[in-house]
Amino acid sequence: MSFLAAAVPDPQRQAPAALTDKIDLVLGIAAWAGTAAGVAGVLVTGAMMAISVKRGESSEHMSRLGMVLGGCVLVATAGPLVQFVFN
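All values reported here derive from a predicted model rather than from experimental measurement.

S.K.: Can you walk me through the overall build of the protein chain in this structure?
M.R.: When helices and strands are tallied, the protein chain shows 2 helices and 0 strands. Judged by the C-alpha coordinates and their principal axes, the protein chain covers about 90 × 30 × 15 Å. Per element, the accessible surface of the protein chain, about 7700 Å² overall, is 70% carbon and sulfur. For the protein chain, the separation between the mean place of its 5 positive charges and that of its 5 negative charges on side chains is 11 Å.

Encoded structure:
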């Protein structure tokens with residue numbers, strides 16, 4: 001009994017340049033939007049803290065600020081974390 005051996009295909013792992021350019025553009029816009037949202041969140045939280053102090057109200061703005069800053073850290077480290085995991 002004889003078998004015919006065929007070459008096993010070995011596709012390249014490189015995505016087409018046109019696709020990577022579009023994906024880089026979308027990810028760049030998403031990173032910019034995440035950064036802008038983080039800055040806006042910090043500004044809004046700071047304004048709310050200032051208004052509540054002026055009114056004499058006490059509220060839990062520090063927890064909001066913590067969540068906003070946690071989101072900022074997540075947005076800032078998303079790219080390096082994904083690159084670390086997949087490389």
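From this point on, the discussion continues.
S.K.: Would you mind going over the environment of Gly-34 with me for this structure?
M.R.: With respect to the element layout, Gly-34 can be found in helix 1 (residues 17-55). Separated by 40 residues in the primary sequence, Gly-34 and Leu-74 have C-alpha atoms spaced 9.5 Å apart.

S.K.: Teacher, can you tell me more about helix 2 (residues 61-86) here?
M.R.: Given 3.6 residues to a turn, an α-helix orients residues that are three or four positions apart in the same direction. Here helix 2 spans 37 Å end to end across 26 residues, near enough to the 38 Å set by a 1.5 Å rise per residue. The axis of helix 2 is deflected most strongly, by about 45°, at Thr-77, and proline Pro-80 appears within four residues downstream.

S.K.: I would appreciate a short explanation of helix 1 in the present structure.
M.R.: In this model, helix 1 (39 residues) spans 57 Å end to end at C-alpha, consistent with the 57 Å of a helix rising 1.5 Å per residue. When we look at burial in helix 1, the residues that qualify are Gly-38, Gly-41, Thr-45 and Ser-52. Contacts made by the buried residues of helix 1 are with helix 2. Backbone geometry just downstream of helix 1 places Gly-56 in the positive-phi region, at approximately 85°.

S.K.: Help me understand the side chain of Thr-45, please; the structure alone is not making it clear to me.
M.R.: Here Thr-45 is to be found in helix 1. Exposure remark for Thr-45: the relative accessible area of 6% places this residue in the buried category. Not counting residues within four places of it along the chain, the set of residues in contact with Thr-45 comprises His-61, Arg-64, Leu-65 and Val-68.

S.K.: Where do I start with the packing of helix 1 against helix 2 in this structure?
M.R.: The description of two helices packed together rests on the angle between their axes and the distance between the axes. Where helix 1 meets helix 2, the axes come as close as 9 Å, and the angle between the chain directions of the two elements is 165°. One finds that helix 1 runs roughly antiparallel with respect to helix 2. The element helix 1 and its partner helix 2 pack so that their crossing is left-handed. From helix 1, Ala-31, Gly-34, Thr-35, Gly-38, Gly-41, Val-42, Thr-45, Met-48, Met-49 and Ser-52 reach across to helix 2, where they touch His-61, Met-62, Arg-64, Leu-65, Val-68, Leu-69, Cys-72 and Val-75.

Cut-off values and rules
Residues numbered from 1 in each chain as written. Predicted model: local features only at pLDDT ≥ 70, side-chain atom pairs only at ≥ 80, totals over all residues. Heavy atoms only, no water. Helix = DSSP H or I, 4+ residues; strand = E, 2+ residues; numbered from the N terminus. Areas by Shrake-Rupley, 256 points an atom, 1.4 Å probe, with all protein chains shown as cover. Lys, Arg positive; Asp, Glu negative; His and termini not counted. Charge placed at Lys NZ, Arg CZ, Asp CG, Glu CD. Expected span 1.5 Å × (residues − 1). Bend = angle between axes of the 7 residues up to and from the residue. Buried < 20%, exposed > 50% of the residue type's maximum accessible area, 1.4 Å probe, protein only. Contact = heavy atoms within 4.5 Å. Axes fitted to C-alpha atoms, helices over the stretch in contact; angles between N-to-C directions. Parallel < 35°, antiparallel > 145°, perpendicular 65-115°, else oblique. Left-handed = near helix turned anticlockwise from the far one by under 90°.

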